[in-house]
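The lines below spell out each chain.
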Amino acid sequence: AGLDDQTFAETIGDASGASYALDRNMSRFVIPDEYSSEFTLDLMEKDLGLAERFAEQSDVPLLLGEVSGLYRVAAAMGYGDLDCSAILKLYEELRR
């Protein structure tokens, strides 16, 4: 929506959206635009796929649908070796 990353992090961080994940991802990856991996996007896609298959086999509905597809697309775009927070790169590409 055109809001810069620093303003977004400060605004959400001072509201009910504050969390460890927000602080970690914004300060370590998003704001510096440096996604050296702690847990790769490829690994996140694999784990989400396993969880989705388990839910299907257990007849447990996934209320938000299959999320692993987003990670598969991002990996296909070349972001698989980056930290899983690089999923934001997919959205940046889609906004262009």
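Just so it is clear, the model here is predicted, and its values are computed rather than measured.

The rules behind the values
- Residues numbered from 1 in each chain as written.
- Predicted model: local features only at pLDDT ≥ 70, side-chain atom pairs only at ≥ 80, totals over all residues.
- Heavy atoms only, no water.
- Buried < 20%, exposed > 50% of the residue type's maximum accessible area, 1.4 Å probe, protein only.
- Helix = DSSP H or I, 4+ residues; strand = E, 2+ residues; numbered from the N terminus.
- Contact = heavy atoms within 4.5 Å.
- Phe/Tyr/Trp six-rings, centres within 6.5 Å; stacked < 30°, edge-to-face > 60°.
- Axes fitted to C-alpha atoms, helices over the stretch in contact; angles between N-to-C directions.
- Parallel < 35°, antiparallel > 145°, perpendicular 65-115°, else oblique.
- Nonpolar A, V, L, I, M, F, W, Y, C, P; charged D, E, K, R; others polar.
- Patch = residues over 30% accessible without salt bridge, like charges linked within 9 Å, V, L, I, M, F, W, Y side chains within 5 Å.
- Areas by Shrake-Rupley, 256 points an atom, 1.4 Å probe, with all protein chains shown as cover.
- Salt bridge = Lys/Arg side-chain N within 4 Å of Asp/Glu carboxyl O.

Draft legend 1. Broad picture of helix H2 (residues 20-30). Residues of H2 that are buried include every one of Leu22, Arg24, Met26, Phe29 and Val30, and no others. Buried-residue contacts for H2 involve helix H1 (5-13) and helix H5 (87-95).

Draft legend 2. Highlighting the environment of Tyr35. Along the chain, the position of Tyr35 falls in the loop between H2 and helix H3 (41-57). Overall, the relative accessible area of 4% leaves Tyr35 in the buried class. Expressed as a C-alpha distance, the spacing of Tyr35 and Leu22, which sit 13 residues apart in the sequence, is 15 Å. Aside from chain neighbours lying at most four places away, what touches Tyr35 is Phe29, Val30, Leu82, Asp83, Ser85, Ala86, Leu88 and Lys89.

Draft legend 3. Structural context of the packing of aromatic side chains. One pass over the full model with this rule turns up one aromatic pair. Here Phe29 and Tyr35 contribute two aromatic rings whose centre-to-centre distance is 6.3 Å and whose plane-to-plane angle is 10°, an arrangement assigned as stacked. Assessed through its relative accessible area of 2%, Phe29 is described here as buried.

Draft legend 4. Highlighting the packing of helix H4 (residues 68-79) against H5. The geometry of H4 relative to H5 is characterised by a closest axis approach of 9 Å and an angle of 80° between their N-to-C directions. Classified by the angle between their axes, H4 and H5 sit roughly perpendicular to one another. Side by side, H4 and H5 meet where Leu70, Tyr71, Val73, Ala74, Met77 and Tyr79 of the first sit next to Ile87, Lys89, Leu90, Tyr91 and Glu93 of the second. The class makeup of the residues in the contact of H4 with H5 is nine nonpolar, no polar and two charged.

Draft legend 5. The arrangement of a nonpolar patch on the surface in detail. A grouping of Leu63, Leu64, Val67, Leu70, Leu88, Tyr91 and Leu94 is seen on the molecular surface, where their side chains present a nonpolar patch of about 750 Å² in accessible area. The element that contributes the greatest number of residues to the nonpolar patch is H5, accounting for three residues. Structurally, Tyr91 can be placed in helix H5.

Draft legend 6. Region of the structure containing the pattern of salt bridges. Across all of its chains, the model carries seven salt bridges by this definition. Beyond isolated ion pairs, a larger network of salt bridges with shared partners links Arg24, Arg28, Glu38 and Asp83.

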